[in-house]
Amino acid sequence: MTKKSNIRWAVFLIPWLLVIATIILNLVNGETFNALIMTLTSFILGNFDWLFALMAFICVVLVVAAYFSPFGNVRIGGSKAKPILNQTNYIWIVLCTIMAAGILLWACAEPMYHYYAPPGNITPKSPEAITFLMKDIFLEWTFTPMCIYGMPAILFAFLFYNAKKKYSIGSMLFPAFSSKMADKASPVIDCICLFALVCGMAASMGSAIFLVADGTSSITNGAVSSTPSTWTIIAVIIVAAFVTSAISGVMNGIRILSTINSRIYMVLGLFVFLFGPTAYILKLTVEGFGAFVSTFCQSSLFISAADGDGWAMWWPVFYWCNWMAWMPVTSIFLGKISKGYSVKEAIRVIVVFPALFSVAWLGLFSASSVYYELAGKGINDAMVAGGTASATYAVLKQLPIPVISIAVFLSIVFVSFITASDSNTNAMAGLCTDSISENDAESPAWLKLVWGITIGILCVIFVRAFKSTDALKYLSNLGGFPIVFLLIIISISFMKVMCNPAKYDTFTEDYDELGRPIPSKRLKSEQDVEKTRKKEAKTQTT
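The structure reproduced in this document is the subject of the present report. Owing to the predicted nature of the structure, the values given are computational and were not obtained by experimental measurement.

Bringing the state of the cysteines into the picture now. Applying the stated criterion across every chain, the model contains 0 disulfides. With no disulfide of its own, Cys191 lies closest to Cys432 among cysteine sulfurs, the gap being 8.2 Å. With a relative accessible area of 0%, Cys432 lands in the buried category.

See below:
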């Protein structure tokens, strides 16, 4: 039975009113407001780049340590916990939640930036630049961002299900701080994280809008042009879709959409592999991944200090800041759906599988982008003339039946953003109530509706005003600044739990006399149990 939701009005209203104030300031004097945001972002990235790079690297180290430590055997929710989702749905929901529209936008565009404008110590338009661009794009989009999400997600899942802490980002301050201090700080932390995520989601939505608008213009030969009116119509459709899906709940909207999206991903990926520059894709992916692995530590901590050209500040460090802005709320959702899986299993699903998928996707599209640019197909020229999104369509036009392939790509963009927004809207609404529990995981529909509409309005106003998502990205990164300090505390909490989970776990029967976790088998998921029950009932009826 669903209990009555008690709204945390301060947690809901403060970030919501901040968003409204942001909209008003933009309408009053958008250029000045945007210039101020850019100045603050430049200051943060220029002076704290070392901290962002260091904390991103620490997240990777902690996830690897957890996987191979006894903590990896701990089962989230206890040894008798049934998973909410079966593994297939769990994998695809996680993947679609993390990916959103970002990787779809940048897989073809980012290689062009790095090929023509790499760091100062690399010659532009050289073979060295090609190897570097593949290495860098793997760094920014694969294992490190997944670990930035994965480490806090595992910690939250353990604290929520095993330590019986509240459904709050602030709960992750424990055990670095006492429970009393964590509870007091929770409302403030939740407010900051909600504001940062709203801006991040609005920026990601802007990327999706530009991708859809440019793609629609491409397949209609300009009959439907990419204009502010078109952007607004697309935004209304996207908001209506993800809010409807969010209201339907995790087991309906998100699960169905992620399953559909997984199949479309596979179809388009296979199509590019078979009809694109297959041999070059394989060669450059293998070579680039080798460079990525062999220089991982150096690349992770590269901040252009010696070169002094500021390149890293606007690429990997910018990404770390953006990932961290999304991290708290996204990790809450990922942790919530991880019930019934061991820590080691959850790491595979949240970190390893999405990272490997990203390697494959980037290998397909980034390598193709480079190949066609070198072949004189004008990928960079198309991007310069039509914007970042145009690079992807310029690549797809080199393949057979571009009208169909672009239409399929558009469907991926649309469904990917809806799935990611759906899951994050669920988490945002949940943080605004104090009634989320292990057995009652859905928040009021009206909260999801309010947050969805607010994100849509913020996105449309900024996109129409600046013709880009840059202002929203900078605003989101401002939210990432305090969160990097939160991540330090979360890392300390994670280390304490990892070293002695028995101390904080309420399921004492899951540990031996020395306090070591006892390995247990994963039970059949609630989703599969329900399928079996319905199947048996149908059989009996017939």
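So, about the packing of aromatic side chains. The full count for this structure, using the stated rule, is 48 aromatic pairs. Relative to Tyr341, the ring of Tyr90 lies with its centre 4.5 Å away and its plane at 35°, an arrangement referred to as tilted. Highlighted residues: Tyr90 in helix α2 (residues 87–99) and Tyr341 in the loop between α11 (316–336) and α12 (343–374), separated in sequence by 251 residues. In this structure Tyr341 comes out as buried when scored by relative accessible area, which is 0%. Summarising the aromatic geometry, the rings of Phe138 and Phe289 are spaced 5.9 Å apart at their centres and angled 80° between planes, so their arrangement reads as edge-to-face. Here the residue Phe138 occupies a position in helix α4 (residues 127–141), and Phe289 occupies one in helix α9 (residues 278–294), the gap between them amounting to 151 residues. Under the relative-accessibility criterion, Phe289 is labelled partly exposed at 26%. Positioned above the aromatic ring of Phe174, the side-chain terminus of Lys165 is 4.0 Å from the ring centre.

With that out of the way, let us pick up helix α6 (residues 179–219). Here α6 spans 56 Å end to end across 41 residues, near enough to the 60 Å set by a 1.5 Å rise per residue. For α6, the principal kink sits at Ser186 and spans about 40°; a proline, Pro187, occurs within the next four residues. With respect to burial, α6 is a largely interior element, 30 of its 41 residues being buried. Residue Asn221 follows α6 closely and has a positive phi angle near 55°.

Time to look at helix α17 (residues 470–499). For the α-helix, the turn length of 3.6 residues means that residues three or four positions removed from each other point alike. Across its 30 residues, α17 extends 41 Å between first and last C-alpha, which sits within 8% of the 44 Å expected from 1.5 Å per residue. Along α17, the sharpest change in direction is near 30° and occurs at Pro482.

A cluster of nonpolar residues, Trp9, Leu13, Leu17 and Trp446, forms a patch on the protein surface that exposes about 400 Å² of accessible area. Per-element tally for the nonpolar patch: the top contributor is helix α1 (residues 9–68), with 3 residues. Within the fold, Leu17 resides in helix α1. Residue Leu17 is classed as partly exposed on the basis of its relative accessible area of 47%.

About the cut-offs
Position labels on residues start from 1 in each chain and follow its written sequence. The predicted origin of the model limits local features to residues at a pLDDT of at least 70 and limits the giving and counting of side-chain atom pairs to 80 or more, whereas totals for whole chains, interfaces and linings rest on all residues. The basis for every side-chain value is the complete set of heavy atoms in the structure, and neither hydrogens nor water enter the calculation. Our working definition of a disulfide is a cysteine sulfur pair at a distance within 2.5 Å. Burial classes: relative accessible area under 20% of the type maximum marks a residue as buried, over 50% as exposed, and values in between as partly exposed (1.4 Å probe, protein chains only). When two rings of Phe, Tyr or Trp (its six-membered ring) have centres within 6.5 Å they constitute a pair, described as stacked for plane angles under 30 degrees, edge-to-face for angles over 60, and tilted for the intermediate range. Only runs of H or I of at least four residues qualify as helices and only runs of E of at least two qualify as strands under DSSP, and these elements are numbered from the N terminus. For a ring to carry a charge above it, either NZ of a lysine or CZ of an arginine must fall within 6 Å of the ring centroid while also lying within 35 degrees of the normal to the ring plane. Helix span, expected: 1.5 Å multiplied by one less than the number of residues in the helix. Bend at a residue means the angle formed by two fitted axes: the first through the 7 residues ending at that position, the second through the 7 residues beginning there. Patch building starts from residues that exceed 30% relative accessible area and form no salt bridge, then joins like charges within 9 Å and nonpolar side chains (Val, Leu, Ile, Met, Phe, Trp, Tyr) within 5 Å. Note that accessible areas follow from Shrake-Rupley with a 1.4 Å probe, and for residues the cover is restricted to the protein chains shown. Counted as salt bridges are all cases of a side-chain nitrogen of Lys or Arg within 4 Å of a carboxyl oxygen of Asp or Glu.

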